[in-house]
Amino acid sequence: MTGPAGPAGPRTAGWPFRRSLASRVILLTTLAVGVTVAMVAVGAYFTARVQMQDSLDDSLVERAESASRVSSVSGIRVPQLWSMGASDLRVAVVTADRRARVLDGGPTMELGEPEIAVARGDDDVSIRTVVISSERHRVAAVPLQADGLALVLAEPLSDQDRVLARLGWVTIAFGVLGVFVAGLAGWAVARNGLRPVRNLTTSVEEIAQTEDLRALPVEGDDEIARLAAAFNQMLTALDASRVRQRQLVADASHELRTPLTSLRTNIDLLTMSLDDDRLPAQARADLLEDIRAQAEELTGLIGDLTELARDEPARAQVETLDLADIVAHAAERVRRRAPGVVIEVFTRSWWVVGEAWALERAVTNLLDNAAKWSPEGGTVTARLSDGVLTIDDQGPGIEEADRVRIFDRFWRSDDSRTLPGSGLGLAIVRQVADRHSGTVQAMENSAGGARLVLRLPGRETE
């Protein structure tokens with residue numbers, strides 16, 4: 001026993017026209033043309049029927065009125081009436097008291113109230129369709145010159161019905177032919193018009209299978225060409241993302257290898273010292289301190305990698321903050337980390353809307369970088385005014401060619417290879433600045449050291 005169909009069942013099973021765009025184009029084209037042909041055919045048929053009926057009615061009434069004018073009061077001569085109409089015309093006279101006399105010698109006509117109303121003078125003319133001897137007739141009644149009489153003419157509708165029947169069959173035949181031609185036209189449109197779509201689909205499927213992100217060929221300037229161009233933009237962005245991902249993994253692997261190797265070496269030495277008491281206690285303590293420092297460095301590196309690899313920050317608690325307080329807190333933290341460097345802070349209130357933890361981390365990274373490059377006993381100066389945070393150090397400065405690259409992930413100059421750090425701190429600063437609609441740049445200060453400038457939009461008062 002089969003279970004209930006899943007959500008995809010109605011989309012893929014059943015009617016084949018649901019499966020492809022080409023089939024739907026053929027179906028919709030055929031339906032549209034078919035409905036149009038049907039409407040035109042029905043309209044043409046009923047128009048022809050109404051016009052033929054009106055023409056017959058006008059002719060019948062005109063002949064009846066002409067016959068009534070030439071008829072005498074004392075008697076009506078049938079040949080005289082037939083001379084004014086067709087040979088298959090039926091003629092009768094009806095009186096106001098419902099008596100009818102057939103003048104052509106044919107079967108009795110069953111006349112009704114419309115003809116009697118004309119004989120009484122209530123109506124000027126009546127015309128309707130009646131059945132006489134199992135044959136449809138169009139009956140017209142007009143008053144005679146004598147009061148209380150009405151002349152009735154009846155003409156069979158067999159000729160008209162045959163014409164209409166032939167017209168109906170011809171209309172149906174042309175309608176079927178039109179639907180068939182519409183189906184062929186829809187097939188041609190689907191085959192030729194959708195060929196670029198099929199080619200694009202084939203190319204995209206090939207890219208999905210081979211992961212070859214080469215650009216697709218773009219032909220023309222129509223919607224399909226725009227779609228192909230959009231796919232190319234997406235492929236370019238995807239390729240760039242993949243390159244960045246590979247670079248991140250490669251750089252992370254390289255950066256993680258150094259502290260892990262160092263950790264393994266120190267742990268091996270410490271393990272050997274447990275089996276051999278020849279290692280002095282001070283050396284053992286130094287090994288433990290190195291292991292602790294390397295573990296902290298590894299923890300910080302992993303945290304930086306996690307922050308940079310995340311598309312969105314882990315916390316998004318946006319609030320109005322005084323950047324001056326953030327700079328003061330960050331400076332206090334850096335003073336504890338770098339006791340051999342003097343950190344001077346000069347700030348004016350500047351209120352920004354953002355994430356406190358991210359902004360403090362960015363400012364801390366800027367101060368850490370300045371402290372790392374400043375000599376022992378050097379001074380790091382942080383100034384905040386009108387939303388511009390300027391941090392100057394007394395280090396060797398940054399080469400002009402490197403002032404943009406220092407904000408790239410894992411980039412480190414040749415001089416910084418021997419210093420602690422992972423090359424991620426300033427990359428995080430730029431990420432935070434971008435997230436807060438700000439900018440960060442590097443330049444040279446008047447003393448020859450590095451100057452890092454962080455600009456954030458905000459206002460002076462809360």
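Worth saying up front: this structure is predicted, and the values here are computed from it rather than measured.

### Here's the deal with the overall build of the protein
So, point 1. When helices and strands are counted, the protein shows 11 helices and 12 strands.
So, point 2. By the burial criterion, 36% of the 462 residues in the protein qualify as buried.
So, point 3. Sequence-distant contacts, at least 24 apart, represent 60% of the contacts inside the protein between residues at least 6 apart.

### A short note on a negative patch on the surface
So, point 1. A contiguous patch of negative charge on the surface is contributed by Asp 54, Asp 58, Glu 62, Glu 65, Asp 123 and Asp 124.
So, point 2. For Glu 62, the location among the structural elements is in helix α2 (residues 21-70).

### Remarks on the packing of helix α9 (residues 323-337) against helix α10 (residues 356-373)
So, point 1. Axis separation between α9 and α10 bottoms out at 9 Å; the angle between their running directions is 40 degrees. With respect to their mutual orientation, α9 and α10 come out oblique. Of the two elements, α9 crosses α10, and the hand of that crossing is right-handed. Residues Ile 326, Val 327, His 329, Ala 330, Ala 331, Arg 333, Val 334 and Arg 337 of α9 form the contact with α10, whose own contacting residues are Leu 359, Glu 360, Val 363, Thr 364, Leu 367, Asp 368 and Ala 371.
So, point 2. Of the residues assigned to the contact of α9 with α10, the class counts are 9 nonpolar, 2 polar and 4 charged.

### A closer look at the sheet that holds strand β7 (residues 342-347)
Two strands in a sheet stick together by hydrogen bonds in their backbones, pointing the same way (parallel) or opposite ways (antiparallel).
So, point 1. Strand order in the open sheet formed by 5 strands is β7-β9-β10-β12-β11, and the pairing between neighbours is mixed. Strands with a single pairing partner mark the edges of an open sheet, and in this sheet they are β7 and β11 (439-444). Within the sheet, the average angular offset between the axes of one strand and its neighbour, ignoring direction, is 15 degrees.

### Topic: the packing of α10 against helix α11 (residues 425-435)
So, point 1. At a minimum axis distance of 9 Å, the contact between α10 and α11 shows a crossing angle of 145 degrees. In this structure, the crossing between α10 and α11 has a hand that is left-handed. In this structure, α10 uses Trp 357, Ala 358, Leu 359, Arg 361, Ala 362, Asn 365, Leu 366 and Asn 369 to contact α11, whose residues at the interface are Gly 425, Leu 426, Ile 428, Val 429, Val 432 and Arg 435.
So, point 2. For the contact of α10 with α11, the per-class residue count stands at 9 nonpolar, 3 polar and 2 charged.

### Here we look at the pairing of β11
So, point 1. Inspection of the sheet shows β11 paired to strand β12 (residues 450-455) by 6 bridges, in the antiparallel sense. Opposite Glu 444, over in β12, you have Ala 450 as the bridge partner.
So, point 2. The hairpin formed by β11 and β12 contains 5 residues between the paired strands, and Gly 448 there has a positive phi angle of roughly 95 degrees.

### Observations concerning the packing of aromatic side chains
So, point 1. By the definition in use, this model includes 1 aromatic pair.
So, point 2. Ring geometry for Tyr 45 versus Phe 46: centroids 5.5 Å apart, planes at 90 degrees, classification edge-to-face.
So, point 3. Overall, Tyr 45 belongs to the partly exposed group, its relative accessible area being 23%.
So, point 4. Taking relative accessible area as the criterion, Phe 46 reaches 43% and is therefore assigned partly exposed.

### Remarks on the pattern of salt bridges
Charged atoms that come close allow side chains of opposite charge to pair.
So, point 1. If you walk through the whole model with that rule in mind, you get 14 salt bridges.
So, point 2. Among the salt bridges present, the one from Asp 161 reaches Arg 136, with a minimum N-O distance of 2.7 Å. Taken together, the residues span a long stretch of sequence, with Asp 161 in helix α5 (residues 158-193) and Arg 136 in strand β4 (residues 135-143) at a distance of 25 residues.
So, point 3. What emerges from the salt-bridge pattern is a single network uniting Glu 113, Arg 120 and Asp 122.

### Let's talk about helix α4 (residues 113-120)
Within an α-helix, residues lying three or four positions from one another point in the same direction, as the helix has 3.6 residues per turn.
So, point 1. Every buried residue of α4 is listed here: Glu 115, Ile 116, Ala 117, Val 118 and Ala 119.
So, point 2. Tucked into the core, α4 has its buried residues touching β1 (90-95), β3 (126-132), β4 and β5 (149-156).
So, point 3. Just downstream of α4, Gly 121 is the residue with a positive phi angle, here 90 degrees.

### Here we look at the nonpolar core
So, point 1. Ranked by size, the top nonpolar core spans 40 residues in total, and within it Leu 367, Ile 391 and Leu 452 carry the most contacts.
So, point 2. For this core, the elements supplying multiple residues, two or more each, are α9, α10, β9 (379-385), β10 (388-392), α11, β11 and β12.
So, point 3. Counting residues per element, this core draws most heavily on α10, which supplies 8 residues.
So, point 4. The residues touching Ile 391, leaving out its near neighbours within four places in the chain, are Leu 366, Leu 367, Ala 370, Val 380, Thr 381, Ala 382, Ala 450, Arg 451 and Leu 452.

### A word on a nonpolar patch on the surface
So, point 1. Residues Val 170, Phe 174, Leu 177, Phe 180, Val 181 and Leu 184 make up a contiguous nonpolar surface patch of roughly 590 Å² in combined accessible area.
So, point 2. Its place among the elements puts Phe 174 in helix α5.
So, point 3. Relative accessible area serves as the criterion here: at 56%, Phe 174 is assigned to the exposed category.

### Focus on the pairing of strand β8 (residues 351-355)
So, point 1. For β8, the buried fraction is high: 4 of the 5 residues fall into the buried class.
So, point 2. Of the pairings in the sheet, the one linking strand β6 (residues 318-322) to β8 comprises 5 bridges and is antiparallel in character. Following the sheet pairing, Leu 321 is matched in β8 by Val 352.

### What to know about the confidence of the model for the protein
So, point 1. Of all residues in the protein, 77% attain a pLDDT of 70 or more, and the chain-wide mean is 77.
So, point 2. Confidence over residues 81-85 falls short of pLDDT 50; this stretch has 14 contacts with residues more than four positions distant or in other chains.

### A short note on unusual backbone geometry
So, point 1. The backbone of Asp 386 shows a phi angle near 55 degrees, a positive value even though the residue is not glycine.
So, point 2. Here Asp 386 shows up in the loop between β9 and β10.
So, point 3. Classification of Asp 386 as partly exposed rests on a relative accessible area of 42%.
So, point 4. Phi is positive for Ser 437, close to 60 degrees, though the residue is something other than glycine.
So, point 5. On the basis of relative accessibility, which here comes to 61%, the residue Ser 437 falls in the exposed class.

How each quantity is defined
- Residues numbered from 1 in each chain as written.
- Predicted model: local features only at pLDDT ≥ 70, side-chain atom pairs only at ≥ 80, totals over all residues.
- Heavy atoms only, no water.
- Helix = DSSP H or I, 4+ residues; strand = E, 2+ residues; numbered from the N terminus.
- Buried < 20%, exposed > 50% of the residue type's maximum accessible area, 1.4 Å probe, protein only.
- Contact = heavy atoms within 4.5 Å.
- Patch = residues over 30% accessible without salt bridge, like charges linked within 9 Å, V, L, I, M, F, W, Y side chains within 5 Å.
- Areas by Shrake-Rupley, 256 points an atom, 1.4 Å probe, with all protein chains shown as cover.
- Salt bridge = Lys/Arg side-chain N within 4 Å of Asp/Glu carboxyl O.
- Lys, Arg positive; Asp, Glu negative; His and termini not counted.
- Charge placed at Lys NZ, Arg CZ, Asp CG, Glu CD.
- Axes fitted to C-alpha atoms, helices over the stretch in contact; angles between N-to-C directions.
- Parallel < 35°, antiparallel > 145°, perpendicular 65-115°, else oblique.
- Left-handed = near helix turned anticlockwise from the far one by under 90°.
- Nonpolar A, V, L, I, M, F, W, Y, C, P; charged D, E, K, R; others polar.
- Pairing = 2+ DSSP bridges.
- Phe/Tyr/Trp six-rings, centres within 6.5 Å; stacked < 30°, edge-to-face > 60°.
- Core = buried A, V, L, I, M, F, W, Y, C linked by side-chain atoms within 4.5 Å.
- pLDDT = per-residue confidence, 0-100.

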